[in-house]
Amino acid sequence: MRRIFTLAFALSAVTCSYQNLFAQCVPLAVTNCTAPTETFEDRTTITGSGFTSTNFTLQSINGNNADKFLESSNFGAGPTKTLLSPTFVAPAVGQTLSLRFDLGGSGAKITALEIIAKTTSGDIVLCTGATTTLSGVSCFNFVVPSTLAGKSFQFSFKFTISGTNNDKLRFDDFGTNAPNQGSLPVKFTGLNAKKLAAGTQITWNVADEINVNRYEVEKATTANQYTKIGSVNASGKSSYSFTDASNSPVSFYRIKSVDEDGKFAYSTILSLNNGKSVMVFKAFPSPVQSMLTVQHQTALANGKITISTQDGRLVKSIAPGAGSIETKVDMSTLGKGMYLLKFDAGNGAIEIMKVLKN
């Protein structure tokens, strides 16, 4: 919840060391800020919000649940205070990563601020600064580099404070356009079926299994009429299997992941014809406006996805990850019309379909 603070700041000319792509990283006008995604209202602990810190605690004004924020003090014991955000997933390379927060308090002065994107492969400094006034709402936009694109990361805030033990620094109304990792559906990395004496064994591999309750196995004897035939509880593994005891010469299988909150997502579709399984080539949504999801056979290291106009002009080429069965294709820069989507698995298997761009 936004409020008026009396904290004085001594930050100016915020300089960005973001891979040397920017000379300055000046806060945007408040009217350009992304909306808050965490106001801390109705939280009972700081960890309930996904933030972690040994320097900040959850506080409120007179116990009012509608007026909560994170607060740090005791600056005489140490001038540097750090705060770590929940885990998010960065946008695609070249796209904008937006950030906002509301700072306030009383007495303390911020003499340095550093904002870092922490990833499993290392830290990426987004902004460092030491002189323009920053008070109340501040918002930033960063152009995503290849080292961050699509990765899971956390915002790390490092404040250097000039103040006494009685001064306070407050952090509130955090916002970003990056999706929270916990809100994303599980990533299916493999799907296979094989005939056994007891029936057909369906095996699926997953990654980023967060907040998943169960996997439901669905089957069809035609390509679009699916029925649930079983369920497997999620248990934090990377591979699961289920055996279909029935015997059909032609079957289609897909896996439905169901989250704890009831949200769900589907795997790619697997076709089993007389004991031979193959991924069904599929792309959605159709028509597409920005991001197209392409589900395909397992791609080899030299696999390729291309987008061409109907007269054969190549407009986009993407290398899917080796071993992947699903690839995202950004169509936002292409004009409206019909395009040809071509998938080359890298082993001579080629599939083509039409895609309509709105």
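Residues numbered from 1 in each chain as written. Predicted model: local features only at pLDDT ≥ 70, side-chain atom pairs only at ≥ 80, totals over all residues. Heavy atoms only, no water.

**Here we look at the pattern of salt bridges**
Counted according to the given criterion, the structure contains 8 salt bridges. The shortest N-O distance in the salt bridge between Arg 43 and Glu 38 comes to 2.7 Å. When its relative accessible area of 9% is taken as the criterion, Glu 38 is described as buried. Residue Glu 71 is joined to Arg 170 by a salt bridge in which the shortest nitrogen-to-oxygen separation is 2.7 Å. Taken together, the residues span a long stretch of sequence, with Glu 71 in strand β3 (residues 68-72) and Arg 170 in strand β10 (residues 168-176) at a distance of 99 residues. (Salt bridge = Lys/Arg side-chain N within 4 Å of Asp/Glu carboxyl O. Buried < 20%, exposed > 50% of the residue type's maximum accessible area, 1.4 Å probe, protein only. Helix = DSSP H or I, 4+ residues; strand = E, 2+ residues; numbered from the N terminus.)

**Focus on the sheet that holds strand β12 (residues 199-207)**
The strands that make up a sheet pair up through hydrogen bonds in the backbone, lying either parallel or antiparallel. Taken together, the 3 strands give an open sheet; going across it, the order is β11-β12-β15, and neighbouring strands pair in antiparallel fashion. Two strands lie at the open edges of the sheet, namely β11 (187-196) and β15 (239-244), each paired on one side alone. Here the average twist between neighbouring strands, direction ignored, is 15°. Where β11 lies against β12, 9 bridges are found, and the strand directions are antiparallel. Its bridge partner lying in β12, Ala 193 is registered against Ile 202. (Pairing = 2+ DSSP bridges. Axes fitted to C-alpha atoms, helices over the stretch in contact; angles between N-to-C directions.)

**Some words on the packing of aromatic side chains**
Taken as a whole and assessed by the stated rule, the structure comprises 24 aromatic pairs. On the numbers, 4.9 Å between centres and 45° between planes, the contact of Tyr 215 with Tyr 240 is tilted. Of the two residues, Tyr 215 is situated in strand β13 (residues 212-220) and Tyr 240 in strand β15; the sequence distance between them amounts to 25 residues. Grouping residues by exposure puts Tyr 215 and Tyr 240 together as buried. If you follow Arg 254 out to its NZ or CZ, it ends over the ring of Tyr 266, 4.0 Å from the centre. Across from the ring centre of Phe 264, 4.3 Å away, lies the NZ or CZ of Lys 256, which sits over that ring. (Phe/Tyr/Trp six-rings, centres within 6.5 Å; stacked < 30°, edge-to-face > 60°. Lys NZ or Arg CZ within 6 Å of the ring centre and 35° of its normal.)

Nothing here speaks to function; it is all geometry.
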